[in-house]
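A closer look at the structure
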Amino acid sequence: NDQDSPAMGRQRVTAKGTNVPEPAETFRSLESRYELSSLLLGNLEKSGYHQPTGIQAHGIPILLEGRDLVAISPTGTGKTLSYLLPIISALSAPSSSSKQDTGCGVRALVLAPTRELAHQIHNECLKLAQGRKWKIMLFSKATANNLNDKNVRDKVDIVISTPLRLVAAMQSGSVELSNVRHLVLDEADRMLDAEFLSQVQEVIAGCSHPNVQKAVFSATLPAGAEQIAMGMLDNPIRLVVGLKDT
Ligand code: ADP
Ligand code: MG
């Protein structure tokens, strides 16, 4: 089924897929619907996020319901929070398979094409996870050495990395992905192009748990890249956000 939501500011959102959840008009509405923690709602307020953008209103419920997602939304529309909030919520909740205490290895993985972008995502994630005891790691040359220490490695909950860094860490045995339940490709048009595709496929293969939620975010997604993405996802919902004509 298709649905339009012209109510979301100047953004027009189109959703395709089966059983598309209702969009969330406010962050607070997620509290009752999905048991979003008051800690997380407080962190949103502190970050100055009072009202969800179009991609957030539509994308967050989809991810909170555990569905796979392809999200195409212009630059600056808040894609980062769209995937970080559901990850943080899933890792906080006490009662589901991905929702365990710390100490069981990497449970969420975000891949981005550049170090700078990975750095920004890491900062955003630290803000949203304030008050939690998780270890949220940005993989870089500097952290690669720390990872050899098993005590550090086993305590990492969320990893943000470029594909190259992560593949290097996998190959040296310094990261274990078999407990990953949430995998995000940000700027997916680049992640699925010739430069990164084989690395991304290696990472996906390393995420060996049978139940990995996958989400793909991009400002644009050429047909070829989208076809590759669709092949990686399980019954995904596809969201497209466009700026409405004025
Ligand atoms: P995108 O990845 O789609 O280009 P970002 O996630 O980088 O967009 O967000 C763009 C900017 O908008 C950031 O500065 C972010 O802090 C801000 N932002 C995101 N969501 C909201 C929101 N709901 N309310 C206010 N600002 C927001
Ligand atoms: Mg972005």
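As the structure is a computational prediction, the values presented were derived from the model and not from experiment.

Topic: the overall build of the protein chain
Along the protein chain, the regular secondary structure elements total 11 helices and nine strands. Across the 246 residues that make up the protein chain, the buried fraction comes to 51%. At a minimum sequence separation of 6, the contacts of the protein chain that also span at least 24 residues come to 74%.

As for the site of ligand 1
The environment of ligand 1 is made up of 13 residues, and the closest members are Tyr49, Gln56, Gly76, Lys79 and Thr80. A distance of 2.8 Å separates a nitrogen atom of ligand 1 from a polar atom in the side chain of Gln56. Gly76 places a polar main-chain atom, nitrogen or oxygen, 2.6 Å from an oxygen atom of ligand 1. Look at ligand 1: alone it shows 570 Å² of surface, and the protein chains cover 65% of it. When its residues are assigned to classes, the shell around ligand 1 shows three nonpolar, nine polar and one charged.

Here we look at helix 8 (residues 163-171)
All buried positions along helix 8 are accounted for by Pro163, Leu166, Val167 and Ala169. Within helix 8, the buried residues cover an arc of 160° as seen down the axis, which keeps them to one side. Set apart from the buried face of helix 8 by more than 90 degrees, the exposed residues are Leu164 and Gln171. Tucked into the core, helix 8 has its buried residues touching strand 4 (108-111), strand 6 (156-161), helix 9 (188-191) and helix 10 (197-206). One or two steps after helix 8, the chain reaches Gly173, where phi turns positive at roughly 75°.

A closer look at the nonpolar core
One finds Leu69, Ile158, Ile160 and Phe217 to be the most contacted residues of the largest nonpolar core, which totals 44 residues. With residues near it in sequence (within four places) discarded, Ile160 still touches Val110, Ala118, Ile121, His122, Cys125, Ile136, Met137, Leu138 and Phe139. Val106, Val156, Val175 and Leu192 belong to the second-largest nonpolar core, a separate cluster that totals 33 residues.

Description of the pattern of salt bridges
Inspection of every chain in the model, using the stated rule, returns four salt bridges. Ionic pairing is found between Glu226 and Arg238, a salt bridge with its closest N-O pair at 2.4 Å. Placement of the pair is Glu226 in helix 11 (residues 223-232) and Arg238 in strand 9 (residues 237-243), with a sequence separation of 12 residues. Take Glu226: its relative accessible area is 12%, and that puts it in the buried class.

A short note on the layout of surface pockets
Roughly 290 Å³ of volume is contained in the second largest pocket. Along the walls of the second largest pocket sit 16 residues, with Thr75, Lys79, Thr80, Leu117 and Glu187 positioned nearest its centre. Contributing elements (two or more residues each) for the lining of the second largest pocket: helix 4 (79-92) and helix 5 (115-128). Tallying contributions element by element places helix 5 first for the lining of the second largest pocket, with four residues. Among the residues forming the lining of the second largest pocket, the class breakdown is three nonpolar, eight polar and five charged.

A word on helix 11
Along helix 11, the residues classified as buried are Ala225, Glu226, Ala229 and Met232. Projection of helix 11 onto a plane perpendicular to its axis shows the buried side chains occupying an angular sector of 115°, all on one side. In helix 11, the exposed residues that point more than 90 degrees away from the buried face are Ala223, Gln227 and Gly231. Its buried side turned inward, helix 11 meets strand 3 (69-72), helix 10, strand 8 (213-218) and strand 9.

Description of the confidence of the model for the protein chain
Here the protein chain averages 89 in pLDDT, while 87% of its residues score no lower than 70. Confidence drops under a pLDDT of 50 for residues 1-8, and excluding neighbours within four residues, the segment shows 29 contacts in the predicted structure. Low pLDDT, under 50, characterises residues 95-99; the predicted model gives this stretch 10 contacts beyond four residues in sequence or across chains. Two summary scores accompany this predicted model of the complex, namely pTM at 0.92 and ipTM at 0.99.

Observations regarding unusual backbone geometry
Non-glycine residue Asn19 carries a positive phi angle of around 45°. When you line up the elements, Asn19 lands in the loop between strand 2 (11-16) and helix 1 (29-34). Located in the positive-phi region is Asn235, a residue other than glycine, with phi close to 45°. The class for Asn235 is partly exposed, based on a relative accessible area of 42%.

Quick notes on the rules
Residues numbered from 1 in each chain as written. Chains lettered and ligands numbered in written order. Predicted model: local features only at pLDDT ≥ 70, side-chain atom pairs only at ≥ 80, totals over all residues. Heavy atoms only, no water. Helix = DSSP H or I, 4+ residues; strand = E, 2+ residues; numbered from the N terminus. Buried < 20%, exposed > 50% of the residue type's maximum accessible area, 1.4 Å probe, protein only. Contact = heavy atoms within 4.5 Å. Near = heavy atom within 4 Å. Polar contact = N/O pair within 3.5 Å; in protein donor to acceptor, adjacent residues only side chain to side chain. Areas by Shrake-Rupley, 256 points an atom, 1.4 Å probe, with all protein chains shown as cover. Nonpolar A, V, L, I, M, F, W, Y, C, P; charged D, E, K, R; others polar. Arc of directions from axis to C-beta. Core = buried A, V, L, I, M, F, W, Y, C linked by side-chain atoms within 4.5 Å. Salt bridge = Lys/Arg side-chain N within 4 Å of Asp/Glu carboxyl O. 1 Å grid on protein atoms, 1.4 Å probe; cavity = no way out; pocket = protein on both sides within 12 Å on 5 of 7 lines; lining within 4 Å. Points joined across faces, edges and corners; volume = space filled by probe spheres on them. pLDDT = per-residue confidence, 0-100.

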